[in-house]
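# An overview of the molecular structure
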Amino acid sequence: MKTFRQGLYLAEKKELSEAKKIKRISPPPRVILPLSQHTGAPGRPLVKVGDRVEEGQKIADADSFISSPIHASISGKVSSIEKMPHPVGGEGEAIIIEGDGNGKKVWEKGKGNPKSLAAEEIRKIIREAGIVGLGGAAFPTHVKLSPPENKPIDTIVLNGCECEPYLTGDHRLMLERPDDCLYGLRVIIETVHATRGYVGIENNKPDAIALMREKLKDNENIQVVPLKTKYPQGGEKMLIKAILNREVPLGGLPLDVGVVVNNVGTALAIAEAIKWGKPLLERVVTITGSGVSQPANLLIPLGTPFSYVVEECGGLRENASKVIMGGPMMGLSQYTLDVPVVKGTSGILVLTESEVVFREEEPCVKCARCIDHCPMGLLPTILARLVKAERWDSLKDYQVMDCIECGCCAYVCPSRIPLVHLMKLGKFQVSKRPT
Ligand code: SF4
Ligand code: SF4
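In this report, we go over the structure that sits alongside the text. (Residues numbered from 1 in each chain as written. Chains lettered and ligands numbered in written order. Predicted model: local features only at pLDDT ≥ 70, side-chain atom pairs only at ≥ 80, totals over all residues. Heavy atoms only, no water.)

With that settled, the discussion passes to the overall build of the protein. Broken down by element type, the protein carries 13 helices and 17 strands. A compact globule built from 435 residues should have a C-alpha radius of gyration of about 22 Å, and the protein, at 21 Å, falls within 12% of that. Seen through its C-alpha atoms, the protein measures out along the principal axes to roughly 60 × 50 × 45 Å. Sorting the 435 residues of the protein into buried and exposed places 56% on the buried side. Across the protein, the fraction of contacts at a sequence separation of at least 24, relative to all contacts at a separation of at least 6, is 73%. For the protein, the exposed surface amounts to about 19200 Å²; the carbon and sulfur share of it is 51%. (Helix = DSSP H or I, 4+ residues; strand = E, 2+ residues; numbered from the N terminus. Rg over C-alpha atoms; globule rule 2.2 N^0.38 Å. Buried < 20%, exposed > 50% of the residue type's maximum accessible area, 1.4 Å probe, protein only. Contact = heavy atoms within 4.5 Å. Areas by Shrake-Rupley, 256 points an atom, 1.4 Å probe, with all protein chains shown as cover.)

Among the structural elements, T304 can be located in the loop between β14 (296–301) and α8 (306–312). Considering only alpha carbons, one finds T304 and D338, 34 residues apart in sequence, at a separation of 9.2 Å. Of note is the side chain of T304, whose polar atom sits 2.6 Å from the backbone oxygen of P301. (Polar contact = N/O pair within 3.5 Å; in protein donor to acceptor, adjacent residues only side chain to side chain.)

Bringing the site of ligand 1 into the picture now. Within the structure, ligand 1 sits among C374, P375, M376, P380, C403, I404, E405, C406, G407, C408 and C409. In this structure, ligand 1 is accommodated by the largest cavity. When its residues are assigned to classes, the shell around ligand 1 shows 9 nonpolar, 1 polar and 1 charged. (Near = heavy atom within 4 Å. 1 Å grid on protein atoms, 1.4 Å probe; cavity = no way out; pocket = protein on both sides within 12 Å on 5 of 7 lines; lining within 4 Å. Sits in = over half its atoms within 2 Å of the grid points. Nonpolar A, V, L, I, M, F, W, Y, C, P; charged D, E, K, R; others polar.)

Moving on to the packing of helix α4 (residues 178–191) against helix α5 (residues 206–215). In contact at an axis separation of 10 Å, α4 and α5 are set at 60 degrees when each is read in the N-to-C sense. Of the two possible hands of crossing, α4 and α5 adopt the one that is right-handed. Contacts between α4 and α5 pair P178, D179, C181 and L182 from the former with L211, M212 and K215 from the latter. Class assignment for the residues of the contact of α4 with α5 results in 5 nonpolar, no polar and 2 charged. (Axes fitted to C-alpha atoms, helices over the stretch in contact; angles between N-to-C directions. Left-handed = near helix turned anticlockwise from the far one by under 90°.)

Our focus in this paragraph is the site of ligand 2. Close to ligand 2 lie C364, V365, K366, C367, A368, C370, T381, C413, P414, S415 and I417. Looking at the shell around ligand 2 residue by residue, the class counts come to 8 nonpolar, 2 polar and 1 charged.

This brings us to the packing of helix α3 (residues 169–176) against α5. Here α3 crosses α5 at 35 degrees, and the two axes come no closer than 9 Å. Remark: the crossing between α3 and α5 carries left-handed chirality. Across from H171, M174 and L175 in α3, the residues of α5 making contact are D207, A208, L211 and M212. Grouping the constituent residues of the contact of α3 with α5 by class yields 5 nonpolar, 1 polar and 1 charged.

Once that is clear, we can look at the packing of aromatic side chains. Scanning the entire structure with this criterion turns up 0 aromatic pairs. The side chain of K230 reaches across the aromatic face of F4, ending 4.3 Å from its centre. Lying over the aromatic face of Y183, K275 brings its terminal NZ or CZ to 4.9 Å of the ring centre. (Phe/Tyr/Trp six-rings, centres within 6.5 Å; stacked < 30°, edge-to-face > 60°. Lys NZ or Arg CZ within 6 Å of the ring centre and 35° of its normal.)

Time to look at the pattern of salt bridges. Two side chains bearing opposite charge may form a pair once their charged atoms approach each other closely. For the structure on display, the rule yields 30 salt bridges. When the shortest N-O distance is used, the salt bridge between D63 and R44 registers 3.4 Å. Here D63, found in the loop between β5 (58–61) and β6 (70–71), pairs with R44, found in strand β3 (residues 44–45); they are 19 residues apart in sequence, far enough to count as distant. Here the salt bridges share partners, and the residues they tie into one network are R24, E55, K104, R177, D180, E272, K275, K278 and E282. (Salt bridge = Lys/Arg side-chain N within 4 Å of Asp/Glu carboxyl O.)

Further remarks concern the layout of surface pockets. If a probe the size of a water molecule is rolled over the atoms, the empty space left behind becomes visible. Volume-wise, the second largest pocket comes out at about 330 Å³. Residue lining of the second largest pocket: 28 residues in total, with L268, E272, E282, R283 and L299 positioned closest to the centre. Breaking the lining of the second largest pocket down by element, the ones donating at least two residues are β1 (22–24), α3, α7 (264–276) and β13 (282–288). Among the elements that take part in the lining of the second largest pocket, α7 stands out by supplying 5 residues, more than any other. Broken down by class, the residue content of the lining of the second largest pocket amounts to 12 nonpolar, 5 polar and 11 charged. (Points joined across faces, edges and corners; volume = space filled by probe spheres on them.)

Right, let's talk about the state of the cysteines for a bit. Defined simply, a disulfide is a covalent bond joining two cysteines at their sulfur atoms. The tally for this structure, following the rule as stated, stands at 0 disulfides. The closest cysteine sulfur to the non-disulfide-bonded C161 is located on C163, 6.4 Å from its own sulfur. On the basis of relative accessible area, C161 is assigned to the buried category, the value being 0%. Free of any disulfide, C408 has its nearest neighbouring cysteine sulfur in C406, separated by 3.6 Å. (Disulfide = S-S within 2.5 Å.)

Further remarks concern the nonpolar core. I59, I97, I156, V199 and I287 are the most contacted members of the largest nonpolar core, which has 76 residues in total. Considering every element that reaches this core, the biggest residue donor is α7, with 7 residues. Once you skip the residues sitting within four places of it in the chain, I287 turns out to touch V292, P295, A296, L298, I300, V309, C313 and I348. Counting 21 residues, the second-largest nonpolar core is a separate cluster that includes C370, V387, L395 and V430. (Core = buried A, V, L, I, M, F, W, Y, C linked by side-chain atoms within 4.5 Å.)

Now for the sheet that holds strand β4 (residues 52–53). Two orientations exist for strands paired in a sheet by backbone hydrogen bonds: parallel and antiparallel. Read from one edge of the open sheet, 4 strands run β2-β8-β7-β4, paired in antiparallel fashion. Edge positions in the sheet fall to β2 (30–34) and β4, since each of these pairs with one other strand and no more. With 9 bridges connecting them, strand β7 (residues 76–85) and strand β8 (residues 91–99) associate as antiparallel partners. Bridged to I81 within β8 is I95. (Pairing = 2+ DSSP bridges.)

By the criterion of burial, strand β17 (residues 347–352) is predominantly enclosed, with 6 of the 6 residues buried. Taking every second residue as pointing to the same face, both faces of β17 are buried, with G347, L349 and L351 on one and I348, V350 and T352 on the other. Alignment of β13 against β17, held across 3 bridges, turns out to be parallel. Along β17, the bridge assignment pairs T288 with L349. Alignment of strand β15 (residues 320–325) against β17, held across 5 bridges, turns out to be antiparallel. In the sheet register, M325 faces β17, and the bridge partner there is I348.

Function cannot be inferred from these measures alone, as they are strictly geometric.
Dropping the structure here:
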């Protein structure tokens, strides 16, 4: 079975939600839409307090190339534009819409046949639809599909790994919307003039592997590749190594080895934008963990508060202790349920008291476990020491910027050193310094 070096075998915990079909959540009475839900420049509001907005109307945008517009996810009235808690930390400016209770809009006005659309037109449709990477990174997709001329792309990898424990939304999408996921993949292949595509799926999803193979049985240039279930198999660099045996150089990007990787949810959003003219205004989120009453996979309008989502799933259990946006390895702990679902919200995970370890950090015992498991081949123990000593220049030499924040090092560290936190701090400091 194909895979990458190092990484971790984790308890998968998918059984809580993997059989739960995707259901549309009942419409929330209000949504909170942060102006920054993507990597890059935050949007500027295009509406003001008191304006009436239609579902799908563009309500924020920026001139910067690396940015993405925001659309109203329900119809209603803009009640305020103010700072609100943001699920990636702190507060951020957000547009708040009070819903008018009108039903869902029917999206059916397509943008034409992708075969007859120029690559530039497709990129424009993707940009205007506000599509970003839905695997969690939220990098604007039109930017990813605009490689420089000196870096031709020959291969597209569709990422169906969903290697984070607990999360099952991508698995459900592959089972319930396989044709749309593959439609999106074909559009991506055409847009960057690649010659072939692969669908990488971990072998803990045999039903998705079988269905995708069936759908692709007459297709010569797209192949399904089952991969070993190992964390973080869904990391771009790990996928490329496993499927193509190409190594993305340190400091480099997938396009340096002729590859673009997109998540299945992103491919589906591209299909909806082209087939129906629908912008990104909702996404599938896995609500799971022993701390929530009824785990589910829900299709949720962006901006819906976590509190509303959790209530739709029967509420929190009494012993609920920690709420995480995303999975347990790369997800972010939340201090309030007032935060909204944003474009990068793949899951809402609620853990109970017995599942959360609170322990003080102890000194490094130089066991090298963090080094043995780092999928990027970094030296986390040394990087952590350099961060603590504020030696930012040395950190750069030790390739801190290549850390993918996967959490493998912190997971295996017997001294409970907050290694990912230290890596993030180191990356932040290095990125601030002149190159
Ligand atoms: S978080 Fe960074 S340093 Fe730690 S294992 Fe992952 S890539 Fe390596
Ligand atoms: S795993 Fe923890 S204790 Fe072991 S070398 Fe790495 S930082 Fe030190």
